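As a plain string of letters, each chain reads:
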Amino acid sequence: MSLVDTLGLSPFEVEALALTLRTAILAVALTLPLAVLVGWLLARRRFFGHGFLNAVVHLPLVLPPVVVGYLLLVLLGRNGPIGAPLEDMFGLRLVFSTAGVIVACAVVGFPLFVRAVRQAAEATDDRLEQVARSLGSGDLRVFATVTLPLMAPGVLAGATLAFARAVGEFGATITFAANIPGVTQTLPLALYTVIQSPGGEAAARRLCVLSILLAAAALALSEWLARRGARNARR
Amino acid sequence: MIGGDATLELRVKKTVGAFNLDLDVAAPLGAAVGLVGHSGSGKSTLLACIAGHLRPDAGRIALAGRVLFDSERRIEVRPAQRHVGLVFQEALLFPHMSVRANLLYGARGCDARLIAHVVDVLGLSTLLQRRTGALSGGERQRIALGRALLARPQLLLLDEPLASLDAARRDAALQLLADLAESAGMSMVYVSHAPNEVARLTKQIIRLAGGRILAPAECSEHLASA
């Protein structure tokens, strides 16, 4: 891994990088179906509770991440109303675990994901779907062959944004999953840790550069996908 | 296709905002029916009701005796099962598919000879491998027409399908539609705000104004003022 050599990363830092990438990718992959469904519903359907769903989805975007982390702790903690049955039935413990990092990343990235999907669904001409139905296609085939391909650049842009947000996630993670090296210590948490320790300036600089590179790459990719999506919609 | 009850039965009440569509008419099938009126007269609303993309508040829509919608009997056939084709003013090709994929989208189980015939008549053979992005307006509209025809609808709804074509292209396309209506016994509802265009295609013309059908006496007045 040439980037590792160029930056002169220590095993501790490589571990944090690997954990960050793994949790962020899993958080995005696990929320993808739900984000597509919710974004499409918000754009295309009017139903009882539309405003409420919209508000709930957007809450993690405006709440302080520490509050999100605390709420996760209350709900998904070992004695929480969701956390207790999860542990009893499936032996799944989210607090202070890598799974908890994924949950925190998924929750804070979800609003960005849904917004991008929603915008893509709104930009898609619904008469294309009407034409597809008039050609004999049922709702599922229309969604799979027309709606989803046309929304795809928006979905990818949303996934990239959510990924970037997950890579930078700090407050909810440290509150809900804590700061355990190799288990929950992602890049931002590792950076925070080395800043706190004496003589950690060099490591801090390396982690800082790494974070900037990751974020910039994700942002550039997201912009490119969004522009491509806009071009598709105009054609 | 043309059964004993070979009519398109339209009894439709629909309120959209301040606009009221309220009509009751039976048009004979097996040829083209013209639907003429100014913009805002309810033409597109009526087409959306026939295609099933808009639910009438009340009424009954039947195609050669096959009920597509009946508010009293609570019948509402899904758009995909209506066998009602739809061509809009803009071609609305699927932008992520090739011309061929567009044409064949609704052509499942379609006879290869029919495909070849439609491709030939519409002059599409050189376009099949192309993407839809770089086509002219006329090419796009011909593909949209072919796509609708290959789904073999019982009724084809054409909402100002030739408005984006130049005069020469429009004449050629009108001729093609007239031939299709006659040779294939293909039923169509042809919508236009230009009475002359519709008159070239059919003598059966329904005139709409303000969501209502104009009686023949009113028509001449309405056309004169148009």
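Everything discussed here concerns the structure shown above.
A short tour of the structure in this document, coming up. (Residues numbered from 1 in each chain as written. Chains lettered and ligands numbered in written order. Predicted model: local features only at pLDDT ≥ 70, side-chain atom pairs only at ≥ 80, totals over all residues. Heavy atoms only, no water.)

1. Things to note about the pairing of strand 2 (residues 19-28) of chain B
All names here are of chain B.
Next, step 1: Bridge count for strand 1 (residues 7-16) against strand 2 is 10 bridges, and the pairing is antiparallel. Across the sheet, R11 pairs through a bridge with D24, a residue of strand 2.
Next, step 2: Counted between consecutive antiparallel strands, the loop separating strand 1 from strand 2 contains two residues, among which G17 sits at a positive phi close to 60°. (Pairing = 2+ DSSP bridges. Helix = DSSP H or I, 4+ residues; strand = E, 2+ residues; numbered from the N terminus.)

2. Brief notes about the sheet that holds strand 10 (residues 205-209) of chain B
Residue and element names in this part refer to chain B.
Next, step 1: Taken together, six strands build an open sheet; the order of strands is 7-8-9-3-10-11 and the sheet is mixed. Of all strands in the sheet, those with a lone pairing partner are strand 7 (84-87) and strand 11 (212-213), marking the two edges.
Next, step 2: On top of the sheet, helix 1 (residues 43-51) reaches strand 3 (32-36), strand 7, strand 8 (155-159), strand 9 (187-192) and strand 10; it is set at about 155° to strand 8, its chief contact. (Contact = heavy atoms within 4.5 Å. Axes fitted to C-alpha atoms, helices over the stretch in contact; angles between N-to-C directions.)

3. Observations concerning the interface of chain B and chain A
Next, step 1: Listed as interface residues are 23 residues of chain B and, on the opposing side, 21 residues of chain A.
Next, step 2: Interface area for chain B against chain A, summed over the two sides, is near 2000 Å², with a carbon-plus-sulfur share of 60%.
Next, step 3: Seen at the junction of chain B and chain A, the total is two salt bridges.
Next, step 4: Notably, a salt bridge pairs R78 of chain B with D139 of chain A, separated by 3.3 Å at the nearest N-O pair.
Next, step 5: On the surface where chain B and chain A come into contact, there are seven residue pairs in polar contact (both at pLDDT 80 or more).
Next, step 6: Of all the elements in the fold, those that place two or more residues in the side of chain B that touches chain A are strand 7 and helix 4 (137-150) of chain B.
Next, step 7: Element by element, the count of residues in the side of chain B that touches chain A is highest for strand 7 of chain B, at three residues.
Next, step 8: Considering only residue class, the side of chain B that touches chain A consists of 13 nonpolar, five polar and five charged. (Buried area = accessible area lost by both parts, 1.4 Å probe. Salt bridge = Lys/Arg side-chain N within 4 Å of Asp/Glu carboxyl O. Polar contact = N/O pair within 3.5 Å; in protein donor to acceptor, adjacent residues only side chain to side chain. Nonpolar A, V, L, I, M, F, W, Y, C, P; charged D, E, K, R; others polar.)

4. Describing the side chain of T186 of chain A
Next, step 1: Note that T186 of chain A resides in the loop between helix 9 (171-176) and helix 10 (187-196).
Next, step 2: Other than its neighbours up to four places away in sequence, T186 of chain A contacts A16, L19, T20, T23, V101 and E169 of chain A.

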